[in-house]
Number of protein chains: 2
Amino acid sequence: MSDIVKVAVDAMGGDYAPEEPVKGAVEAVNAKENLFIYLVGQESIVKKELAKYSYPADRMEIVPASEVIETGEPPVQAIQKKKDSSLVKALRLVRQGEASAFVSCGSTGAVLVGGQVLVGKIKGVERAPLAPLIPTAEGVSLLIDCGANVDARPSHLIQFAKMGSVYMENVMGVKNPRVGLVNIGVEEEKGNALVKETYPLLKECKDINFVGNVEARDIPKGVCDVIVCEAFVGNVILKLYEGVGATLIKKIKGGMMSSLRSKIGALLVKPALKETLKAFDASEYGGAPLLGLKGLVVKSHGSSKANEIRNSIFQCITFTQEDICGKIKEHITTEKQGE
Amino acid sequence: MSDIVKVAVDAMGGDYAPEEPVKGAVEAVNAKENLFIYLVGQESIVKKELAKYSYPADRMEIVPASEVIETGEPPVQAIQKKKDSSLVKALRLVRQGEASAFVSCGSTGAVLVGGQVLVGKIKGVERAPLAPLIPTAEGVSLLIDCGANVDARPSHLIQFAKMGSVYMENVMGVKNPRVGLVNIGVEEEKGNALVKETYPLLKECKDINFVGNVEARDIPKGVCDVIVCEAFVGNVILKLYEGVGATLIKKIKGGMMSSLRSKIGALLVKPALKETLKAFDASEYGGAPLLGLKGLVVKSHGSSKANEIRNSIFQCITFTQEDICGKIKEHITTEKQGE
């Protein structure tokens, strides 16, 4: 039983709760023998959902939580007031070491605040970044930070580069991940005060593979594995990625319906096109980890379906088995001693 | 002759110089009777190119300039040293009032620096923003600022909003243009220090139609006409727009070639698809104006062909006829008096 990984799942968070989170949890626990799941949520509702499936009862436990934090509630107040919410109860399980990780499709703000306040940061970590995987022409890259804390300092970006490298190397299996700094030009002297100050510091880091500045136009090409930026810029990149993709696809679909000839063609290209667009869909890659905490907190899209939640849970298993928290601690501590 | 608009064109700037700039200039002067063009560049080369076409000789003049500023040269030094370059000589024509506008496909850095140093800012304008038009689902929006001066102050963003509104209303014909502030959420209290400070100031501006914060995911939908942001963020938006579009289109094309069925379909959808993608191609909309100067400076893409250069020249005619410089001056001065 020693290598069993315990993951808490928010059964009440997201657009399709409780159906999809419960389904995803069942799929995950049926697929992995070393997985134990705490399904946190309103007992009668979760029980009813679970009754639809067959699963190993000794590796699935309902943890009752009477309240639900809604998207749109001010995060700090929600965390403070709704002590019996699925989010707060699940995060407490991580804090107490009962679970090593937590997956939620609920309010991003509440997950971010809750993770930092209730789970707590690893000693030495200045900020816990939210780091989603984004699709590129080559595969995926980690975009770090897309969180809620803007106006970062150079020391934050250095830690993001280290934490992101640990994640990509050990969870995603990318050997010697290339770290790029988002900038408005590739030359060292380009940029705003933050990146100008950060560049030489990243160059000095011996435990990362810094490849220099990266311009936004090259991000989709997959020129680096860890894309380091301040949260405001990261948020713009993440959301624009989604926005340009969605508008362009809509335009293309509309264009294909413009004549009889193109309509027939559209029918023929549809299966291939669907496959292509799936590969460029961020939701395929599991959730975004909130790194630097004393446990893993994964924020999955609000619109996540069972397969995405299942993938997020799988991420938690690798994260725990590879002892990412321990490895992050090591890198951050080395840095502190070196100063 | 009083309403003749005089435009200086850099015959030596861009990937396809001198062929395409000269061709674009000829097309423009043949299309508009109230246009006079100074073609600035190496005399023998420009003469040889011009000899290919027929055009009204009384409305086209070659201005000799022996030097060329190359892309990649440090802008400030290039402007200072190459006094007989096409860029410097053309900008001097604008400064002296010989031409009301200048179009170049040359080095962005040199155009930005040259415009500010040689043409000079309108009194009261703190910063001259570069404001390209970007394609959206609804048409185009003006993204202001994408220039070289990062780390802006709130007062800069306010002026960008005003200048951008004047441009969209008078050059692009958008009535009461909607102004949005790029932010990481739509709520007023969201964002970094800069946007938090800017939001209430924009709300107070009576001469613009401020519609609040805009998230990056909504920019491609066309939710506002003037997209206000600091230059670092603007640069990321502009380049990512281009990058996501290019990668996605490449993926889609590749996907269509994956089976015989989809290959046949691809042949059928090709014409419709081409039309759609053209509408989403930034280069169709002429160049990016550098606003707030005592004349218009338009930076066209380095890869511009004749039709894009011609469109940039047409922009210059409207800009001059609508007296955009005068209108900007008026708005900026009102603001100063109001303080």
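Residues numbered from 1 in each chain as written. Chains lettered and ligands numbered in written order. Predicted model: local features only at pLDDT ≥ 70, side-chain atom pairs only at ≥ 80, totals over all residues. Heavy atoms only, no water.

## Section: the packing of helix H4 (residues 86-95) of chain B against helix H5 (residues 108-119) of chain B
Residue and element names in this part refer to chain B.
- Two elements in contact, H4 and H5, have axes separated by 9 Å at closest approach and are oriented at 35°. Handedness of the H4/H5 crossing: right-handed. Residue-level contacts link Leu87, Val88, Leu91, Arg92, Val94 and Arg95 of H4 to Ala110, Val111, Gly114, Gly115, Val117, Leu118 and Val119 of H5.
- For the contact of H4 with H5, the residue count by class is nine nonpolar, two polar and two charged. (Axes fitted to C-alpha atoms, helices over the stretch in contact; angles between N-to-C directions. Helix = DSSP H or I, 4+ residues; strand = E, 2+ residues; numbered from the N terminus. Left-handed = near helix turned anticlockwise from the far one by under 90°. Contact = heavy atoms within 4.5 Å. Nonpolar A, V, L, I, M, F, W, Y, C, P; charged D, E, K, R; others polar.)

## Examining the packing of helix H9 (residues 260-279) of chain A against helix H9 (residues 260-279) of chain B
- At a closest axis distance of 7 Å, the pairing of H9(A) and H9(B) adopts a crossing angle of 135°. Relative to H9(B), the element H9(A) is oriented oblique. Every pair of crossing elements has a handedness; the one defined by H9(A) and H9(B) is left-handed. When H9(A) is examined against H9(B), the residues Arg261(A), Ser262(A), Ile264(A), Gly265(A), Ala266(A), Leu267(A), Leu268(A), Val269(A), Pro271(A) and Ala272(A) are found in contact with a partner set consisting of Arg261(B), Ser262(B), Ile264(B), Gly265(B), Ala266(B), Leu267(B), Leu268(B), Val269(B), Pro271(B) and Ala272(B).
- Residue composition of the contact of H9(A) with H9(B), by class: 14 nonpolar, four polar and two charged. (Parallel < 35°, antiparallel > 145°, perpendicular 65-115°, else oblique.)

## With respect to the sheet that holds strand E10 (residues 288-290) of chain A
Residue and element names in this part refer to chain A.
- With mixed pairing, the six strands of this open sheet are ordered in space as E3-E2-E1-E4-E11-E10. If you trace the sheet from one side to the other, it starts and ends with strand E3 (60-64) and E10, each paired once. Within this sheet the neighbouring strands show an average axis-to-axis angle of 25°, counted without direction.
- In this fold helix H1 (residues 19-31) packs onto strand E1 (5-10), strand E2 (35-41) and E3, with an angle of close to 170° to the strand it touches most, E2. (Pairing = 2+ DSSP bridges.)

Nothing here speaks to function; it is all geometry.
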